[in-house]
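In case you want the letters, here they are:
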Amino acid sequence: MLLRTIIIGTAIFLTLIGTAFAQDYTFSNGELTDEQFYKAVTCKAKVDAPCQEKPARWPAFLSNQLTVGLAQVQNGTSPEQEKIVTTALQRSVQMINDSGANLKLRYVSGRKAKNAWIKVHIIQPQGPNFLIKGVSLKGMNGLKAQNARTRIYANQNYNIMRAGVTISNTLTDPVQLQAIVLEEVMQSLGLMWDIENPYYNDISIFSQSGPDNLLKIADQDKAALQRHYPF
């Protein structure tokens, strides 16, 4: 399970997704219209129902200059894992830039990655409870690592001001690792919510029960991104 959180101002307005207090997906069945799909992944709306959460997006003055970087690699991460994540980040940036949405991402490395708007951390889960420790992301330390976590930090107008991703180095399958990197970068753009719907298991990166093997942005995933960032 991949977990999401939105932090607004100095308080967590949305509880930790995937805990006993909330879930990070909606249930549906069969093909959704583009409108239904878009609302499901951006505001957690059930089919033909109102939004459950406020949609968040990067503001225009940032959305065309977003930097994405691998800000931290914790001990226990293999060189191969780091290389896979780095390559996957670069490919994800290129695919999003080619998606037809009105935003522009740029991959950065080294010192620039530590100041990127979207910071990615490869972490070594700590202790018997597999906790996140040693990251600079607000509110992340002490949480269960899971496969990946994404947090977006927004102002009171739900404009995203920065985003952070943690990816566990317990992931060893190269395809799964690449697919999760792509999904988490997409989630960091404000498409935060998954869909529990068998129809989308093999065709959408937002599928809650999908196999984590999708390496491209296609069809309704792309349409949703375009709609969230229109020209």
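Note that the structure is a prediction, hence the values are computed from the model and not measured.

Section: the packing of helix α3 (residues 79-97) against helix α5 (residues 174-187)
In step 1: Contact geometry of α3 with α5 gives a least axis separation of 9 Å together with a crossing angle of 45°. Comparing their axes, α5 and α3 come out oblique. Between α3 and α5 lies a crossing whose hand is right-handed. Each of Q81, I84, V85, A88, L89, R91, S92, M95 and I96 in α3 lies in contact with α5, whose residues at this interface are P174, L177, Q178, V181, L182, V185 and M186.
In step 2: Among the residues forming the contact of α3 with α5, the class breakdown is 12 nonpolar, 3 polar and 1 charged.

What about the confidence of the model for the protein chain?
In step 1: Per-residue confidence for the protein chain gives a mean pLDDT of 91; residues scoring 70 or more make up 90%.
In step 2: Note that pLDDT drops below 50 for residues 10-21; the model gives that stretch 31 contacts with residues more than four away or on any other chain.

Digging into the pairing of strand β7 (residues 160-168)
In step 1: Across the 9 residues that make up β7, a large majority, 7, are buried.
In step 2: In this structure, strand β5 (residues 118-123) lies alongside β7, joined through 6 bridges in parallel fashion. Within the sheet, the bridge partner assigned to I123 lies in β7 and is S168.
In step 3: Where strand β6 (residues 148-154) and β7 come together, 7 bridges link them in antiparallel fashion. Its bridge partner being in β7, R149 is matched across the sheet by T166.

What counts as what
- Residues numbered from 1 in each chain as written.
- Predicted model: local features only at pLDDT ≥ 70, side-chain atom pairs only at ≥ 80, totals over all residues.
- Heavy atoms only, no water.
- Axes fitted to C-alpha atoms, helices over the stretch in contact; angles between N-to-C directions.
- Helix = DSSP H or I, 4+ residues; strand = E, 2+ residues; numbered from the N terminus.
- Parallel < 35°, antiparallel > 145°, perpendicular 65-115°, else oblique.
- Left-handed = near helix turned anticlockwise from the far one by under 90°.
- Contact = heavy atoms within 4.5 Å.
- Nonpolar A, V, L, I, M, F, W, Y, C, P; charged D, E, K, R; others polar.
- pLDDT = per-residue confidence, 0-100.
- Buried < 20%, exposed > 50% of the residue type's maximum accessible area, 1.4 Å probe, protein only.
- Pairing = 2+ DSSP bridges.

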